[in-house]
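Take a look at the letters that make up each chain.
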Amino acid sequence: MRGKWRRWLREILLMLLIAIVIGWGVDRLRKPELPASFSAAPVQTLDGEQLSIAALSAERPLLIYVWATWCAICRYTTPAVEKLTQEGGNVLSVALRSGDDARLAGWMAKKGLSMATVNDPRGVLAQEWQVSVTPTLVFVSKGEVTGTTTGWSSYWGMKLRLWWAGM
């Protein structure tokens, strides 16, 4: 019986290792190639505020969350990002191809989202940053990208990555 449990544990650990390697590889393939000047260019939020990514990330790590209203996976990731925002986390979201400002603001109000959001209705910013997958999470510290990931991420995964970015 003991040998059976050890075999099961070994199989589970092997599968977990394979999943981690595959996830890491997929992230490397889908990683955006952000231009060197991306953090210096100002961005404008839905409420008209001009922000600088370099300034936002100067004192504490910043999570840039690229998402879309039509993205199925974003439905599961957005609540975790909103929770980070509600807790005072340093978050800037970029809504990709999600309609004009009024439509996006209405959609966000309906969903109860309050995170600072830059609207990218035609995908110009995403194209400039070479973001091809939603959701994409970019972690920035002192104006420099410290990490990226794509697809679903948990609340604790985001918190851990933000903490790591500040190291």
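## Here we look at the packing of aromatic side chains
Move 1: Scanning all chains against the criterion turns up four aromatic pairs.
Move 2: Considering the side-chain rings of tryptophan 163 and tryptophan 164, the 6.2 Å spacing of their centres and the 55° angle between planes classify their relative orientation as tilted.
Move 3: What makes tryptophan 164 exposed here is its relative accessible area of 61%.
Move 4: Feature note: the residues Tyr65, Trp67 and Trp107 constitute an aromatic cluster, connected by ring pairs.
Move 5: It is lysine 83 that lies over the ring of tyrosine 155; its NZ or CZ is 4.3 Å from the centre.

## Looking at helix α6 (residues 155-165)
Move 1: Looking only at α6, the buried set comprises Tyr155, Gly157, Met158, Leu162 and Ala165. Summarising the axial view, the buried residues of α6 lie within an arc of 165°, below the 170-degree limit, and thus occupy one face. Opposite the buried face of α6, by more than 90 degrees, sit the exposed residues Trp156, Leu160 and Trp164.
Move 2: Close packing links the buried residues of α6 with β3 (62-67), α3 (74-86), β6 (136-141) and β7 (144-150).

## Regarding a nonpolar patch on the surface
Move 1: Residues Leu14, Met15, Leu17, Ile18, Val21 and Ile22 make up a contiguous nonpolar surface patch of roughly 570 Å² in combined accessible area.
Move 2: Relative to the helices and strands, valine 21 resides in helix α1 (residues 2-30).

## Overview of the state of the cysteines
Move 1: Counting across every chain of the model gives one disulfide.
Move 2: Covalent S-S linkage joins cysteine 71 and cysteine 74, the inter-sulfur distance amounting to 2.5 Å. Because the sign of the S-S torsion sets the handedness, a value of about 80° for the bond joining cysteine 71 and cysteine 74 places this disulfide among the right-handed ones.
Move 3: Taking relative accessible area as the criterion, cysteine 71 reaches 4% and is therefore assigned buried.

## Examining the sheet that holds β6
Move 1: Strand order in this open sheet of five strands is β5-β4-β3-β6-β7, and the pairing throughout is mixed. Only two strands of the sheet have a single neighbouring strand rather than two, namely β5 (117-120) and β7. Strand after strand, the sheet turns through a mean of 20° between neighbouring axes, direction not considered.
Move 2: Taken together, the four bridges between strand β4 (residues 91-96) and β5 define a ladder with parallel strand orientation. Its bridge partner lying in β5, alanine 95 is registered against asparagine 119.
Move 3: Across the sheet, helix α4 (residues 101-111) is in contact with β3, β4 and β5; its angle to β5 comes to roughly 135°.
Move 4: With respect to the sheet, α6 is in contact with β3, β6 and β7, its orientation differing from that of β6 by roughly 25°.

Parameters and conventions
- Numbering of residues begins from 1 in every chain and follows the order in which that chain's sequence is written.
- pLDDT decides what is reported in this predicted model: residues at 70 or higher carry local features, side-chain atom pairs at 80 or more are listed and counted, and totals for whole chains, interfaces and linings draw on all residues regardless.
- Where side-chain values are given, they derive from all heavy atoms of the structure, hydrogens and water being excluded.
- Between rings of Phe, Tyr and Trp, where Trp is taken as its six-membered ring, a pair exists when centres lie within 6.5 Å; planes separated by under 30 degrees are stacked, by over 60 edge-to-face, and by other angles tilted.
- Buried means the residue's accessible area, taken with a 1.4 Å probe over protein chains only, is under 20% of the maximum for its type, while exposed means over 50%, and partly exposed covers the values in between.
- As a reminder, the over-ring test applies to NZ of lysine and CZ of arginine, requiring each to be within 6 Å of the ring centre and within 35 degrees of the ring normal.
- Where helices and strands are cited, they refer to DSSP runs of H or I of at least four residues and of E of at least two residues respectively, numbered from the N terminus.
- As used here, the arc is the angular range of directions from the helix axis to the C-beta atoms.
- Should any heavy atoms of two residues lie within 4.5 Å, those residues are counted as being in contact.
- Patches draw on residues past 30% relative accessible area with no salt bridge. Two like charges within 9 Å are joined, as are two nonpolar side chains (Val, Leu, Ile, Met, Phe, Trp, Tyr) within 5 Å.
- Per-residue and other accessible areas were derived by the Shrake-Rupley procedure at a 1.4 Å probe size, with only the shown protein chains allowed to occlude residues.
- By convention in these notes, a salt bridge is any Lys or Arg side-chain nitrogen within 4 Å of a carboxyl oxygen on Asp or Glu.
- Cysteine sulfur atoms are paired as a disulfide whenever they come within 2.5 Å of each other.
- For two strands to pair, DSSP has to find at least two bridges joining them.
- Orientation is described by axes fitted as lines to C-alpha atoms, over the contacting stretch for helices, and by angles from 0 to 180 degrees between their N-to-C directions.

The values are spatial; any link to function lies outside them.
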